[in-house]
Amino acid sequence: MNPFPRPTIHVPSVSPEQMAEVDRVMEEELGISLVQMMENAGRGLARLAVHRFLGDEPSEAEVVVLAGRGGNGGGALVAARRLAGWGARVRVHLAGDPKDLRPVPRVQLQSLIRMGIPIDLHPVEAPAPKLILDGLVGYSLSGAPRGEVARLIEWSHRVEAPVLSLDLHSGLDAMTGKARTPTARSAATFTLALPKDGLVHEGARGWVGELYLGDISVPPQVYERFGFAVKGLFSRGDILFLR
């Protein structure tokens, strides 16, 4: 039985441009920082991972976290910290040099380093983990994944472990739902605030897997600018099962 409730109201989807405006309003007008939103995202991702994929027992579970340089990577790094604190054996694979991380994700990385969590620039040959967390790229991706991001997605295809993606699985077009080459194939996707348009396209369903929605504390009045009425969306819980 799925422990996460379904929404009781209609859940609209947002375009990448609308989500970028939500992020701007949160920081510039409401003073809700990226650090706060990232912590909410990572905590929710870790919680979903434990209940859906780790049998409610994270202790000693092997988890590999794939992290990009932006906000998605930062959220995945928060989840890595949470899971490690709950007893999981976590390893992080970065999609590039740590110096290339944006400032807030870099702070998250430093916390993991101080905790002694293994950080790799390339996947290591090891037994398949219990779970892979995909935090490589999000709704701002332009074009097909390249370089180390592409190599990590391809690595996830070869490993016999379920993939749980954060916000939008890496490689999917956030607007059209078209899968680029390569695209992560997820057992589940934990999207944030509201689903991105691409996630609800029927053609994307095979890539998205189960779809969950996480509350990152966006006030309902922010969405009213786009004509969306979502008051009370998360009244039953901060993680919702959409399909």
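In this text the structure is predicted, and so the values were computed from the model without any measurement.

Engineer: A description of the nonpolar core should follow, citing residues and the corresponding values.
Structural biologist: Of all hydrophobic cores here, the largest spans 65 residues; its most connected members are L83, V90, V92, L133, L164 and F190. For L83, the contacting residues outside a window of four places in its chain are A46, V50, L54, V63, A88, V90 and L133. Core analysis: the next-biggest nonpolar cluster, separate from the first, contains 14 residues, L136, V159, A161 and A184 among them.

Engineer: Go over the sheet that holds strand 8 (residues 239-241) with me, naming the residues and quoting the values.
Structural biologist: With mixed pairing, the 8 strands of this open sheet are ordered in space as 3-2-1-4-5-6-7-8. Edge positions in the sheet fall to strand 3 (119-120) and strand 8, since each has one partner strand and no second. Two elements, strand 6 (residues 188-192) and strand 7 (residues 210-214), share 5 bridges in a ladder whose sense is parallel. The residue bridging A188 from the neighbouring strand is E210, located in strand 7. Where helix 2 (residues 34-53) meets the sheet, it contacts strand 4 (131-135), strand 5 (163-166), strand 6, strand 7 and strand 8, and its direction lies at approximately 160 degrees from that of strand 5.

Engineer: Which residues make up the pairing of strand 1 (residues 62-67), and what values do they have?
Structural biologist: Burial analysis of strand 1 places 5 of its 6 residues in the buried class, which makes it a mostly covered element. Here 6 bridges tie strand 1 to strand 2 (residues 89-94), and the two strands are oriented parallel to one another. Directly across from V65, in strand 2, lies its bridge partner V92. The β-α-β motif built from strand 1, the intervening helix 3 (residues 71-85) and the parallel element strand 2 has right-handed crossover chirality. The pairing of strand 1 with strand 4 spans 5 bridges and is classified as parallel. Residue L66 lies in a different strand from strand 4, and its bridge partner there is D134.

About the criteria used
Residues numbered from 1 in each chain as written. Predicted model: local features only at pLDDT ≥ 70, side-chain atom pairs only at ≥ 80, totals over all residues. Heavy atoms only, no water. Core = buried A, V, L, I, M, F, W, Y, C linked by side-chain atoms within 4.5 Å. Buried < 20%, exposed > 50% of the residue type's maximum accessible area, 1.4 Å probe, protein only. Contact = heavy atoms within 4.5 Å. Pairing = 2+ DSSP bridges. Helix = DSSP H or I, 4+ residues; strand = E, 2+ residues; numbered from the N terminus. Axes fitted to C-alpha atoms, helices over the stretch in contact; angles between N-to-C directions. Right-handed = clockwise from strand over helix to strand, strands pointing away.

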